Amino acid sequence: MKWAMAVILVFVTPAAAASPQRIMSPAPPARIMSLKICTDGLLLDLVPAQRIASVTFLAREKAALRWWPQAAHIPVNHNTAEEILAAKPDLILTDTFTAPALRPLLAKTGARVIEVPPAETFEQIRAVTRMVAKAVGEKARGEGLIAQMDADLRLLAAHRPARPLTVAEWGGGGYVPGRSGLFDTILTAVGARNVEQGSFGYYDVETLVGKNPDALIYGDAYAGTASLRDDQNLHPALLKRYANRRVRYDPLYGCGLPQTTKVALQLQAALARVPK
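Residues numbered from 1 in each chain as written. Predicted model: local features only at pLDDT ≥ 70, side-chain atom pairs only at ≥ 80, totals over all residues. Heavy atoms only, no water.

For the chain, the count of helices and strands is 11 helices and 11 strands. The buried share of the chain, reckoned over its 276 residues, is 44%. (Helix = DSSP H or I, 4+ residues; strand = E, 2+ residues; numbered from the N terminus. Buried < 20%, exposed > 50% of the residue type's maximum accessible area, 1.4 Å probe, protein only.)

Here helix α7 (residues 139-158) contains 20 residues, and its C-alpha end-to-end distance of 29 Å stays within 8% of the 28 Å for a straight helix at 1.5 Å per residue. Tucked inside the fold, the buried residues of α7 contact α2 (37-46), α6 (122-136), α8 (182-190) and α11 (260-272). (Expected span 1.5 Å × (residues − 1). Contact = heavy atoms within 4.5 Å.)

So, on to the sheet that holds strand β2 (residues 52-56). The sheet built from 5 strands is open, its strands ordered β3-β2-β1-β4-β5 with parallel pairing. One side of each edge strand has no neighbouring strand; the edge strands of this open sheet are β3 (76-77) and β5 (112-116). Examined bridge by bridge, β2 and β3 share 2 bridges and lie parallel to one another. Looking at β3, one finds that T56 is bridged to N77. Packing against the sheet, α2 makes contact with β1 (32-34), β2, β4 (91-95) and β5, and its axis sits at approximately 140° to β2. (Pairing = 2+ DSSP bridges. Axes fitted to C-alpha atoms, helices over the stretch in contact; angles between N-to-C directions.)

Two elements in contact, α2 and α6, have axes separated by 10 Å at closest approach and are oriented at 55°. By the angle class used here, α2 and α6 are oblique. Here α2 and α6 pass one another in a crossing that is right-handed. Contact with α2, carried on its side by L42, L43 and L46, involves V128, T129, V132, A133 and V136 of α6 and no other residues of that element. Residues belonging to the contact of α2 with α6 are distributed by class as follows: 7 nonpolar, 1 polar and no charged. (Parallel < 35°, antiparallel > 145°, perpendicular 65-115°, else oblique. Left-handed = near helix turned anticlockwise from the far one by under 90°. Nonpolar A, V, L, I, M, F, W, Y, C, P; charged D, E, K, R; others polar.)

Here it is in structure tokens:
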């Protein structure tokens, strides 16, 4: 009889020891709130809509809905104190530029707050994707997004042109992004050269013509929206020089996300059609 009891103990003890560990495993957050458009994108990529308390109002814009159509059915917020308290989130995603006055309020909610830094390189995109994936309890999904991004990078590398075009992103009131940001990271992956070799520049029409890029690139997040800034594109010198050398791309609101490589593939294909 003693031998039989010992055998029972040998088989029961491991299961009994494992049970408390399973019970104590924390459940993933179920009411996640995003306060910035860049964290909107990561959140919508990683978790189902039923676990999202709200995303920003920008996620309902046409440019964002092209990538995340499910946002049309998710509540939105405008970063107000009332909305944050009413949502009763258990996890808040924001960026590192949170207003100092808002920080005490976020702390009062009792929710965990994750401040996601901007991502301007593909290594930084991997890092923030893993950061958010861990916070929302979707590590495997995060690794899947990264694997797809890396596959896109290999495809981009395989189709880099023998002669890189020199390009300028122009159209935002003369602002031209330079070598230090996400746009230049995309250009490098595409196999193009940025006309602005500093951190950034502001070009009037004369400066732009003098730089003589092979093509002009425009972000299309707000394409079709009336703006006085667009008048500069109607200058006769630009209409003549760049009649067939204007390319539009989706800048994803300047967010470094796993979809950035999809944008790069679209841009690479568009630049390949520019007359040589």
